[in-house]
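Summary of the model geometry
So the chains spell out like this:
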Amino acid sequence: MKLNFLCANHREWLQGRPDQALHWCVNSYDTGRSLSERDHWDEALVHMGCAFETAEIVLTTRAIALMTGLEWFLQTLEGLTQALEKSGRADAATEIRQAAICRLRNEAMLKIPPEVEARIYMHITRLHSQDRQRTVTPRTSRPAPIRVEVNLEEIVYH
């Protein structure tokens, strides 16, 4: 499943105008956050999705400093995954998180300062941890053992 929030024309327009992409990202994120605060998760989802995809464009085009671009990428990722989860789409949130991890790994392979690379891997570890926390369901109690009657003559030793 591939979620798309920006149409192809809008994506192309933003890629050609990275300065406008940053403004679009900020506006979409602020609108999504405002809707989230009022628990309008389905509406917030659309805006957070646009903000996330636009933050990826900003990161790719290096419209702003790498660390600032990463911060926007991660902030919009958090907003999008929260909106997905609150809208009952936890599987999609996991997929988006996994795609973001791949994107961050690709960034870490570029020629970047070691401190930026370390920070990227710190975020990758945090994202993996979030996925594990969401997939593990805590047990409230242990199941009772099942009692099976065994006849000693039926036991076969190998």
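Since we're looking at a predicted model, the values are computed, not measured.

So, the state of the cysteines
Tallied over the full model, the rule gives zero disulfides. In this structure Cys 7 is a free cysteine whose sulfur lies 8.9 Å from that of Cys 50, the closest cysteine sulfur available. We classify Cys 7 as partly exposed; its relative accessible area is 45%.

Examining the pattern of salt bridges
In total, this model carries eight salt bridges according to the counting rule given. Ionic pairing is found between Glu 53 and Arg 11, a salt bridge with its closest N-O pair at 2.8 Å. Placement of Glu 53 in helix H3 (residues 41-61) and of Arg 11 in helix H1 (residues 8-16) is noted, with a sequence separation of 42 residues between them. By relative accessible area, Arg 11 is classed as partly exposed at 23%.

Notes on the packing of aromatic side chains
Counted under the stated rule, the structure contains two aromatic pairs. When the ring of Phe 52 is compared with that of Phe 73, the centres are 5.1 Å apart and the planes differ by 35°; the resulting orientation is tilted. Taken together, the residues Phe 52 in helix H3 and Phe 73 in helix H4 (residues 66-86) connect sequence positions 21 residues apart. Per residue, the accessibility class of Phe 52 equals that of Phe 73, and both read buried.

Parameters at a glance
- Residues numbered from 1 in each chain as written.
- Predicted model: local features only at pLDDT ≥ 70, side-chain atom pairs only at ≥ 80, totals over all residues.
- Heavy atoms only, no water.
- Disulfide = S-S within 2.5 Å.
- Buried < 20%, exposed > 50% of the residue type's maximum accessible area, 1.4 Å probe, protein only.
- Salt bridge = Lys/Arg side-chain N within 4 Å of Asp/Glu carboxyl O.
- Helix = DSSP H or I, 4+ residues; strand = E, 2+ residues; numbered from the N terminus.
- Phe/Tyr/Trp six-rings, centres within 6.5 Å; stacked < 30°, edge-to-face > 60°.

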